[in-house]
Amino acid sequence: MRILVTGGAGFIGSALIRHLIGETGHQVLNLDKLTYAGVLSSLAPIDNSPRYRFVHGDICDAPLVARLIAEFEPDVIAHLAAESHVDRSIDGPGEFVQTNLVGTFNMLQQALGYWQGLDGERKAAFRFHHISTDEVFGSLGEEGYFTETTAYDPRSPYSASKAGSDHLVRAWGHTYGLPVLVTNCSNNYGPYHFPEKLIPLIIIRALAGEPLPVYGDGSNVRDWLFVEDHARALRAVFEGGVPGETYNVGGNSERRNLDVVKAICATLDRLSPRGDGRPYADQISFVTDRPGHDHRYAIDAAKIRDTLGWEPQVTFEQGIERTVRWFLDNRDWWGDILARRYDTQRLGLAKA
Ligand code: NAD
């Protein structure tokens, strides 16, 4: 297959591309604007492959996207490019509307023009796969799970922009017949995770001897999905999913934020103990909650399991161990980000 990946220099996009180049014979074209979150060194393990090509550009640039699609002739567009951090969406929602909504609209328009020009088998086989989040469903109480039919109820500028982009994708499927797929996944984590997100932030601040910020009382619950499991899920969906369908992707690993932080601390205590012999958990510090912080997200991933045979293979304990080890072994990767892009300071305290 020929796969155009947008946002392939990001956390999940780079994991998908490493998987596709490493484990399949597919060709990949990566279109990425290289915002603060785009890190080309995340692709170093595969970037000399003759099946991989990178183009620096913006998904909102219609002529560029049209030209790339015409030249590359993709079988699949895997659309991951987005502004992805809730805290940043609180500080600056405009970029989220531009990239996540206008950018997705542009990708759909260019994909539609290309698809309408195809015929026969290539037209029937083409897929536009939109990668989205479980945050579009809003917040759960202590019980229940999001399914593919849960009503949308986004609450942050980020989740609202992703919900809007999901609706655009479905509309292009219903109205124009574009063969679309949507996946809504839970919180990813793993190697090459940008340090603004909870798990890498805690690892890096712990090693620096700094306070480990836990929002509110730490009781908010998220489901955690190891990013390499997610990459396999995305491939299963665009290779075998039914056009027009949505698939929820989860890790079967619900944890309270405080327990996530404690698990990281305990792993670091084993793998890289503090010089003074004290536990890393001593650095935990409860801070002002995120404005509008959703209480709980949890995914029912039965559909993708029953119809496409995908299940997560990495448990939360295994995934945390692998992630902590990776950050310990790859200090150059994140040291460079801290020096040039983001210094782990608090974001997203709305001045309401
Ligand atoms: P990320 O922030 O790590 O990467 C986003 C990438 O998109 C970056 O490489 C960035 O340079 C690129 N990009 C941003 N604007 C662009 C533009 N206008 N044109 C081209 N490229 C642009 O994000 P991620 O964590 O890898 O998430 C990927 C996708 O998965 C997003 O759509 C996100 O909403 C979704 N998602 C992420 C998670 C998660 O836990 N990380 C969970 C659910 C869904």
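Predicted, not measured: the structure shown is a model, and the values here were computed from it. Think of each chain on its own: its residues are numbered from 1, step by step along the sequence as written. Where totals are concerned, whole chains, interfaces and linings use all residues; where local detail is concerned, this predicted model gives features only for residues with pLDDT of at least 70, and gives and counts side-chain atom pairs only at 80 or more. To obtain the side-chain values, all non-hydrogen atoms of the structure were used and water was disregarded.

J.: How should I be thinking about the pattern of salt bridges in this particular structure?
T.: For side chains of opposite charge, pairing can occur when their charged atoms come near one another. Take a side-chain nitrogen of Lys or Arg and a carboxyl oxygen of Asp or Glu: if they are within 4 Å of each other, that pair is a salt bridge. Following the criterion strictly, the structure yields 22 salt bridges and no others. R205 is the partner of E210 in a salt bridge, and the nearest nitrogen-oxygen pair spans 3.6 Å. Overall, the relative accessible area of 30% leaves E210 in the partly exposed class. Per-residue accessibility, obtained with a 1.4 Å probe over protein chains only, is compared with the maximum for each type, and a residue is labelled buried under 20%, exposed over 50%, and partly exposed between these values. A relative accessible area of 10% means that R205 is categorised as buried. Between D276 and R274 there is a salt bridge, with the nearest N and O atoms lying 2.7 Å from each other. Because the salt bridges share partners, they merge into one network encompassing E73, D75 and R122.

J.: Sorry if this is basic, but what is going on with the packing of aromatic side chains here?
T.: For any pair of aromatic rings, the description rests on two quantities: the centre-to-centre distance and the angle between the ring planes. Each Phe, Tyr or Trp ring, with Trp reduced to its six-membered ring, pairs with another whose centre is within 6.5 Å; inter-plane angles below 30 degrees give stacked pairs, above 60 give edge-to-face pairs, and intermediate values give tilted ones. Evaluated as defined, the whole model comprises 16 aromatic pairs. Between Y189 and F226, the ring centres sit 5.5 Å apart and the planes meet at 70°, which makes this aromatic pair edge-to-face. A residue pair is termed long-range when its members are at least 10 positions apart, and Y189 in strand β7 (residues 187-189) and F226 in strand β9 (residues 221-226) qualify at 37 residues. Here Y189 and F226 have matching classes, each one buried. The interplanar angle of 85° and the centroid separation of 6.3 Å between the aromatic rings of F327 and W333 together place this pair among those described as edge-to-face. Secondary structure follows DSSP: runs of H or I at least 4 residues long count as helices, runs of E at least 2 residues long count as strands, and numbering of each begins at the N terminus.

J.: Could you clarify how one ought to interpret the side chain of S272 in this entry?
T.: Considering the arrangement of structural elements, one finds S272 in the loop between α9 (257-271) and β12 (284-287). With a relative accessible area of 18%, S272 lands in the buried category. Beyond its immediate sequence surroundings of up to four residues, S272 is in contact with L207, Y280, L328 and R331. We call two residues in contact when some of their heavy atoms are within 4.5 Å.

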